[in-house]
Amino acid sequence: MIDTRTIDNRTAPYAALVLRVSLGVMYIAHSLVLKYFTFTLPGTAQFFASLGLPGALAYVTFWAELIGGVLLVAGVGTRVVALALIPILLGATWVHAGNGWVFSAANGGWEYPVFLVAASLVLALLGDGRFSFGNPITKRLLTQ
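Bear in mind the structure is a predicted one, so any value in this text is a computation, not a measurement.

Procedures and definitions
- Numbering of residues starts from 1 in each chain and follows the order in which that chain's sequence is written.
- Where totals are concerned, whole chains, interfaces and linings use all residues; where local detail is concerned, this predicted model gives features only for residues with pLDDT of at least 70, and gives and counts side-chain atom pairs only at 80 or more.
- The basis for the side-chain values is all heavy atoms of the structure; hydrogens and waters are excluded.
- Put simply, DSSP marks the helices as runs of H or I at least four residues long and the strands as runs of E at least two long, and each gets a number from the N terminus on.
- Partly exposed residues are those whose accessible area sits between 20% and 50% of the maximum for their type, while under 20% is buried and over 50% is exposed, using a 1.4 Å probe and protein chains only.
- Working rule for contacts: check all heavy atoms of both residues, and any pair within 4.5 Å makes them a contact.
- Only one rule defines a salt bridge in this text: a Lys or Arg side-chain nitrogen within 4 Å of an Asp or Glu carboxyl oxygen.
- For helices, the axis comes from a line fit to the C-alpha atoms of the stretch in contact; other axes are also lines fit to C-alpha atoms, and the angle between any two N-to-C directions lies between 0 and 180 degrees.
- Roughly parallel means an angle under 35 degrees; roughly antiparallel means over 145; roughly perpendicular covers 65 to 115; every other angle is labelled oblique.
- In a left-handed crossing the near helix is turned counterclockwise from the far helix by less than a right angle, and in a right-handed crossing that turn is clockwise.
- When residues are sorted by character, Ala, Val, Leu, Ile, Met, Phe, Trp, Tyr, Cys and Pro go into the nonpolar class, Asp, Glu, Lys and Arg into the charged class, and all the rest, Gly among them, into the polar class.
- Patches in this entry comprise residues that are over 30% relatively accessible and not in a salt bridge; like charges within 9 Å are linked, as are nonpolar side chains (Val, Leu, Ile, Met, Phe, Trp, Tyr) within 5 Å.
- Method for areas: the Shrake-Rupley scheme with a 1.4 Å probe, in which residue coverage is limited to the protein chains shown.
- Expected helix span is given by 1.5 Å per residue-to-residue step, counting one fewer step than there are residues.

Novice: Quick one: what's the story with the overall build of the protein chain, residue by residue and with numbers?
Specialist: From N to C terminus, the protein chain includes 6 helices and 0 strands. Listed by position from the N terminus, the elements making up the protein chain come as α-α-α-α-α-α. Counting across all 144 residues of the protein chain, residues that qualify as buried make up 33%. The long-range fraction of contacts in the protein chain, counting pairs at least 24 apart against all pairs at least 6 apart in sequence, stands at 63%.

Novice: Explain the environment of V114 residue by residue, including any values.
Specialist: Examined against the element boundaries, V114 turns out to sit in helix α5 (residues 111-126). Look at V114 and you get partly exposed, because its relative accessible area is 34%.

Novice: Break down the pattern of salt bridges for me, citing the residues and quoting the values.
Specialist: One pass over the full model with this rule turns up 1 salt bridge. Put simply, K35 and E65 hold a salt bridge, and the shortest N to O gap is 2.9 Å. Placement of K35 in helix α1 (residues 4-38) and of E65 in helix α3 (residues 56-74) is noted, with a sequence separation of 30 residues between them. An identical accessibility class is assigned to K35 and E65; each is buried.

Novice: Tell me about unusual backbone geometry, and please be specific about residues and values.
Specialist: You will see that T40, though not glycine, has its phi angle at about 65°, which is positive. Mapped onto the fold, T40 is located in the loop between α1 and α2 (41-50). You will see that F131, though not glycine, has its phi angle at about 55°, which is positive.

Novice: Before we move on, can you summarise the environment of G127 with the specific residues and values?
Specialist: Of note, G127 is situated in the loop between α5 and α6 (134-143). Taking the C-alpha atoms as reference points, G127 and V76, 51 residues apart in sequence, are found 9.7 Å from one another. If sequence neighbours within four positions are ignored, G127 has contacts with A16, T78 and R79.

Novice: Explain the packing of α3 against helix α4 (residues 78-96) residue by residue, including any values.
Specialist: The description of two packed helices rests on the angle between their axes and on the distance between the axes. Two elements in contact, α3 and α4, have axes whose closest approach is 10 Å; the angle formed by their N-to-C orientations is 150°. Classified by the angle between their axes, α3 and α4 sit roughly antiparallel to one another. Between α3 and α4 lies a crossing whose hand is left-handed. Residues T61, A64, E65, G68, L71 and L72 of α3 lie in contact with α4, whose contacting residues are T78, V81, A82, L85 and I88. Of the residues belonging to the contact of α3 with α4, the class tally is 7 nonpolar, 3 polar and 1 charged.

Novice: Would you mind going over a nonpolar patch on the surface in detail, with residue names and values included?
Specialist: Taken together, W101, V102, W110 and V114 make up a surface patch of nonpolar side chains, about 350 Å² in accessible area. Here W110 shows up in the loop between α4 and α5. Classification of W110 by relative accessible area gives partly exposed; the value is 32%.

Novice: Could you give an account of α3, naming the residues involved and the relevant values?
Specialist: For an α-helix, 3.6 residues make a turn, and residues three or four places apart therefore share a direction. Counted at 1.5 Å a residue, the expected span for α3 with its 19 residues is 27 Å, and the 27 Å between its end C-alpha atoms agrees. Among all positions in α3, only A58, T61, F62, E65, L66, G68, G69, L72 and A74 are buried. Just past α3, the residue G75 takes up positive phi, approximately 80°.

The structure is reproduced here in structure tokens:
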């Protein structure tokens, strides 16, 4: 009989790595490709304002997604960064809530941002995983 606890303990750090990098790349893509290159930052600010939000929040969101995504890919502060980005996803959920469930619906539905909230929460629970810059930093802090 195979002890599945051993397998889980050996593979979970790699699962965290895959989730951390893919989620980080998604945040980077949403900031650079979508908000910066596609809609432009002033266009994104206008969109935020059309929703009744401060236009300046678009710039904060852009930088949070970009910096947070880079930190996730690098594996620095993974738990805190993943949790800190959840409010942005909840905002995206609010924006798309009236469009239906499926994200391929006109103007996008709420399923994708809600899934990303769950993925970010799972990553916050898992931590850095393998091959992260945060691991040596964390080990150094814990041994002092």
